[in-house]
Amino acid sequence: MATKKVTVTIPEDLLDEIRAEAAERGMSAYVAEALRFKRDRDRLRELSDWLQEEHGPLTEEERTAAFEDLEDLDAEHERRGTAGKHNAGEAA
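Residues numbered from 1 in each chain as written. Predicted model: local features only at pLDDT ≥ 70, side-chain atom pairs only at ≥ 80, totals over all residues. Heavy atoms only, no water.

**A short note on helix α2 (residues 27–55)**
Move 1: Between the first and last C-alpha of α2 there are 42 Å, a value that for 29 residues agrees with the 42 Å anticipated at 1.5 Å per step.
Move 2: Among the residues trailing α2, G56 stands out with phi positive, at a value near 85°. (Helix = DSSP H or I, 4+ residues; strand = E, 2+ residues; numbered from the N terminus. Expected span 1.5 Å × (residues − 1).)

**Some points on the pattern of salt bridges**
Move 1: Under the definition given, this model contains five salt bridges.
Move 2: With a shortest N-O distance of 2.6 Å, R25 and E33 are connected by a salt bridge.
Move 3: Taking the relative accessible area as the measure of exposure, R25 reaches 45% and is therefore partly exposed.
Move 4: Between E76 and R79 there is a salt bridge, with the nearest N and O atoms lying 2.6 Å from each other. Of this pair, E76 and R79 both sit in helix α3 (residues 60–91), three residues apart, which is roughly one turn of that helix.
Move 5: The exposure class assigned to E76 is partly exposed, which follows from its relative accessible area of 28%.
Move 6: What you see here is one network of salt bridges that share partners, running through E76, R79 and R80. (Salt bridge = Lys/Arg side-chain N within 4 Å of Asp/Glu carboxyl O. Buried < 20%, exposed > 50% of the residue type's maximum accessible area, 1.4 Å probe, protein only.)

Right, dumping it as structure tokens:
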């Protein structure tokens, strides 16, 4: 994948925090991941806005069901992550 070097200005306190968190991955990988995440959230918000314009806002029941589904997905993700770490330890 082609890359391009850019210059950005970041508040010093935020930069210090990011450096501490990004140490293993590297600053470029950390920032690229954060920008992809932000771009994806922006696109999701655009889709959500469009869907609400086309179909109206969610009912409280739909909103509750969606959050319950997200909680189930989060729990499954956590379960798989924990199982993967456990299995990786056994293989070593």
